[in-house]
Amino acid sequence: DIMNKFVLASAAILSVNYTINAQTVQEAIKKTENERYEAASSDFKALIAKEPNKGDYYFYYGENFFKNDDLDSAMIMYKKGSETSAMYPLNYVGIGKVFLFQNKESDANTNIFKAKTLADDKTNKGVKALTLMKIAEAYTKAPMYKNLPEAIKLLNEATKLDSKNPEVYILKG
């Protein structure tokens, strides 16, 4: 009986500790934005350990590597996300973005097309708009393959889908 109480108390302490360490995806993204890449990596690892089939965790973990100029690790995360959650479009955007930065335009376009196709199949307008925004962002930042007219077209489409999202207007600017 004492052993059972000890095991239950230990489990409760561990679960509380694990919950404290495993931040939300928004907090991990915020750490990436603040260039706290290692702290964000720890959060993404914990989130993925808890829910290994969530495609957005892999995408944002890939973004963490991408923003830290680690294209190889970013590609690994985007690919893992596309394998884990094949219907989630953002990982294909990530793969396409890495290919754009590696001057592999046809590979990039294949993945970006797949992302757009998957996004078009989504009933969730937020996911559609976010996918279009991330593609537009890739087109504005890729060193060799800037496509500003296409980026503006995608952002206009995203605005129609999600007019209350301030990020659309920031990207347009």
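Values in this document were obtained by computation on a predicted structure and should not be read as measured data.

Caption draft 1: The packing of helix 4 (residues 55-67) against helix 6 (residues 90-101), seen in detail. Their axes nearest at 8 Å, the elements helix 4 and helix 6 cross at an angle of 25°. Classified by the angle their axes make, helix 4 and helix 6 are roughly parallel. Considering the relative orientation of helix 4 and helix 6, their crossing is left-handed. Contact with helix 4, carried on its side by Gly55, Tyr58, Phe59, Tyr60, Glu63 and Phe66, involves Leu90, Asn91, Gly94, Lys97, Val98 and Phe101 of helix 6 and no other residues of that element. For the contact of helix 4 with helix 6, a count of residues per class yields 7 nonpolar, 3 polar and 2 charged.

Caption draft 2: Representation of the pattern of salt bridges in the model. Inspection of every chain in the model, using the stated rule, returns 8 salt bridges. Between Glu137 and Lys134 there is a salt bridge whose closest N-O contact spans 3.6 Å. Taken together, the residues span about one helical turn, with Glu137 and Lys134 both in helix 8 (residues 125-141) at a distance of 3 residues. The residues Glu137 and Lys134 share a single accessibility class, namely buried. When the shortest N-O distance is used, the salt bridge between Lys141 and Glu137 registers 3.4 Å. With a gap of 4 residues between them, Lys141 and Glu137 both fall in helix 8, about one helical turn apart. Take Glu137: its relative accessible area is 13%, and that puts it in the buried class. By sharing partners, the salt bridges in this structure join Lys134, Glu137, Lys141 and Glu167 into a single network.

Caption draft 3: Molecular detail of helix 6. Here helix 6 spans 17 Å end to end across 12 residues, near enough to the 16 Å set by a 1.5 Å rise per residue. Across the 12 residues that make up helix 6, a large majority, 11, are buried. Those residues of helix 6 that sit buried are Leu90, Asn91, Tyr92, Val93, Gly94, Ile95, Gly96, Lys97, Val98, Phe99 and Leu100. On its buried face, helix 6 sits against helix 4, helix 5 (71-84), helix 7 (105-121) and helix 8.

Caption draft 4: Spatial organisation of unusual backbone geometry. Phi is positive for Glu35, which is not a glycine, with a value near 60°. Residue position: Glu35 is located in the loop between helix 2 (25-33) and helix 3 (37-50). Look at Asp69: it is not a glycine, yet its phi comes out positive at around 60°. Residue placement: Asp69 occurs in the loop between helix 4 and helix 5.

Caption draft 5: Quick peek at the nonpolar core. Residues Phe44, Tyr60, Tyr78, Leu90, Leu100, Ile135 and Tyr139 are the most contacted members of the largest nonpolar core, which totals 43 residues. For this core, the elements supplying multiple residues, two or more each, are helix 2, helix 3, helix 4, helix 5, helix 6, helix 7, helix 8 and helix 9 (148-161). Among all residues touching Ile135, those that are not within four sequence positions of it are Val93, Ile112, Ala115, Lys116 and Leu154.

Definitions and limits used
- All chains use their own residue numbering, which begins from 1 and follows the written sequence.
- Residues qualify for local features only when their pLDDT is at least 70, as the model is predicted, and side-chain atom pairs are given and counted only at 80 or more; totals for whole chains, interfaces and linings, by contrast, use all residues.
- Based on all heavy atoms of the structure, the side-chain values leave hydrogens and waters out of the count.
- Think of each axis as a best-fit line through the C-alpha atoms, taken over the contacting stretch in the case of a helix, with angles from 0 to 180 degrees between the N-to-C directions.
- Comment: elements are numbered from the N terminus, with helices defined as DSSP H or I runs of at least four residues and strands as E runs of at least two.
- Between 65 and 115 degrees an angle is taken as roughly perpendicular, under 35 as roughly parallel, over 145 as roughly antiparallel, and anywhere else as oblique.
- Crossings are classed by handedness, with left-handed meaning an anticlockwise turn of the near helix from the far one by less than a right angle and right-handed meaning a clockwise turn.
- Contacts between residues were defined by any pair of non-hydrogen atoms, one from each residue, lying within 4.5 Å.
- Side-chain classes follow a simple rule in which Ala, Val, Leu, Ile, Met, Phe, Trp, Tyr, Cys and Pro form the nonpolar group, Asp, Glu, Lys and Arg form the charged group, and the remainder, Gly included, forms the polar group.
- The salt bridge criterion pairs a side-chain nitrogen of Lys or Arg with a carboxyl oxygen of Asp or Glu, the two atoms within 4 Å.
- Categorising residues by exposure relies on relative accessible area from a 1.4 Å probe, with only protein chains included: less than 20% of the type maximum marks a residue as buried, more than 50% marks it as exposed, and the intermediate range marks it as partly exposed.
- Any helix carries an expected span of 1.5 Å times its number of residues minus one.
- Residues enter a nonpolar core if they are buried and are Ala, Val, Leu, Ile, Met, Phe, Trp, Tyr or Cys, with the set joined through side-chain atoms within 4.5 Å.

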